[in-house]
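The residues making up each chain are set out below.
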Amino acid sequence: MIFIVVKFQVKPEKAEEWPQITKEFTEATRAEPGNKWFDWSRSLDDPNEYVLVEAFDDDAAEAHVKSDHFQKATADGGPMNSALASTPRIISRQIDGDGWDEMGELQVG
């Protein structure tokens, strides 16, 4: 399994709209074969920051980044990129196992 955490710093004027901006991308990703988990959280410390947590089967992660909806959402001038204040920070880890103990600890700073 590939476990990925991504921090998105959103432009202040787009922060309230972010869930709607990412809705199509989120729904398409959740429907992908091999998608295990895909969910957004809003930072408690910074209202302009969102954190995406996602997990894929090993062979599904590469297909995800090559998908049409991923390419559309992340393209220059695309809906997600246009709302960002800076480049997202990405942390990923391959996990061999099924339990939480296998995941270890991830620090998102």
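Just above, that's the structure.
Residues numbered from 1 in each chain as written. Predicted model: local features only at pLDDT ≥ 70, side-chain atom pairs only at ≥ 80, totals over all residues. Heavy atoms only, no water.

**Q** Explanation requested: the pattern of salt bridges in the structure shown.
**A** Pairing between side chains of opposite charge can happen when the charged atoms of each approach one another. Under the counting rule described, the total for this entry stands at 6 salt bridges. Between Lys-72 and Glu-24 there is a salt bridge, and its shortest N-O distance comes to 3.2 Å. Of this pair, Lys-72 sits in helix H4 (residues 68-74) while Glu-24 sits in helix H2 (residues 23-30); the two residues are 48 residues apart in sequence, bridging distant segments of the chain. Given the relative accessible area of 47%, Lys-72 is considered partly exposed. The exposed category is assigned to Glu-24, whose relative accessible area is 52%. (Salt bridge = Lys/Arg side-chain N within 4 Å of Asp/Glu carboxyl O. Helix = DSSP H or I, 4+ residues; strand = E, 2+ residues; numbered from the N terminus. Buried < 20%, exposed > 50% of the residue type's maximum accessible area, 1.4 Å probe, protein only.)

**Q** So what exactly am I meant to see when it comes to the packing of aromatic side chains here?
**A** Applying the stated criterion to the full structure yields 7 aromatic pairs. With a centroid separation of 5.6 Å and an interplanar angle of 90°, the aromatic rings of Trp-18 and Trp-40 are classed as edge-to-face. Note that Trp-18 is positioned in helix H1 (residues 18-21) and Trp-40 in strand S2 (residues 35-42), a separation of 22 residues in sequence. In this pair, the class of Trp-18 matches that of Trp-40, namely buried. Centroid distance Trp-18 to Tyr-50: 6.1 Å. Interplanar angle 35°. Geometry classified as tilted. In this pair, Trp-18 is assigned in helix H1 and Tyr-50 in strand S3 (residues 49-56), connecting sequence segments 32 residues apart. Judged by its relative accessible area of 5%, Tyr-50 is buried. (Phe/Tyr/Trp six-rings, centres within 6.5 Å; stacked < 30°, edge-to-face > 60°.)

**Q** Please explain H2 as it appears in this structure.
**A** Since there are 3.6 residues in each turn of an α-helix, residues three or four apart along the chain are aligned in direction. All of the buried residues in H2 are Phe-25, Thr-26 and Thr-29. Taken end-on, H2 shows its buried residues confined to a sector of 100°, consistent with a single buried face. (Arc of directions from axis to C-beta.)

**Q** What is the right way to look at the nonpolar core in this model?
**A** Ranked by internal contacts, the top residues of the largest apolar core, which has 20 residues, are Phe-8, Val-10, Trp-18, Phe-25, Trp-40, Leu-52 and Met-80. At 4 residues, the largest contribution of residues to this core is made by strand S1 (residues 2-9). In contact with Leu-52, not counting residues within four places along its chain, are Ile-4, Val-5, Val-6, Phe-8, Phe-38, Asp-39 and Trp-40. (Core = buried A, V, L, I, M, F, W, Y, C linked by side-chain atoms within 4.5 Å. Contact = heavy atoms within 4.5 Å.)

**Q** I tried to follow the pairing of S1 on my own but got confused; where do I start?
**A** The side chains of a regular strand alternate between the sheet's two faces. Summarising burial for S1: 7 of the 8 residues are buried, a large majority. As paired elements, S1 and S3 share 8 bridges and run antiparallel to each other. From the neighbouring strand, Lys-7 faces S3, where its bridge partner is Val-51. (Pairing = 2+ DSSP bridges.)

**Q** Help me understand the environment of Leu-84 in this model?
**A** Residue position: Leu-84 is located in the loop between helix H5 (79-83) and strand S4 (89-94). Relative accessible area serves as the criterion here: at 11%, Leu-84 is assigned to the buried category. Between the alpha carbons of Leu-84 and Val-10 there is a distance of 4.4 Å; along the sequence they are 74 residues apart. Leu-84 has contacts with Phe-8, Gln-9, Val-10, Lys-11 and Trp-18, leaving out every residue within four places of it along the chain.

**Q** Where do I start with the side chain of Thr-26 in this structure?
**A** Assignment of secondary structure puts Thr-26 in helix H2. On the basis of relative accessible area, Thr-26 is assigned to the buried category, the value being 6%. Not counting the four nearest positions on each side in its chain, Thr-26 is found in contact with Phe-38 and Trp-40.

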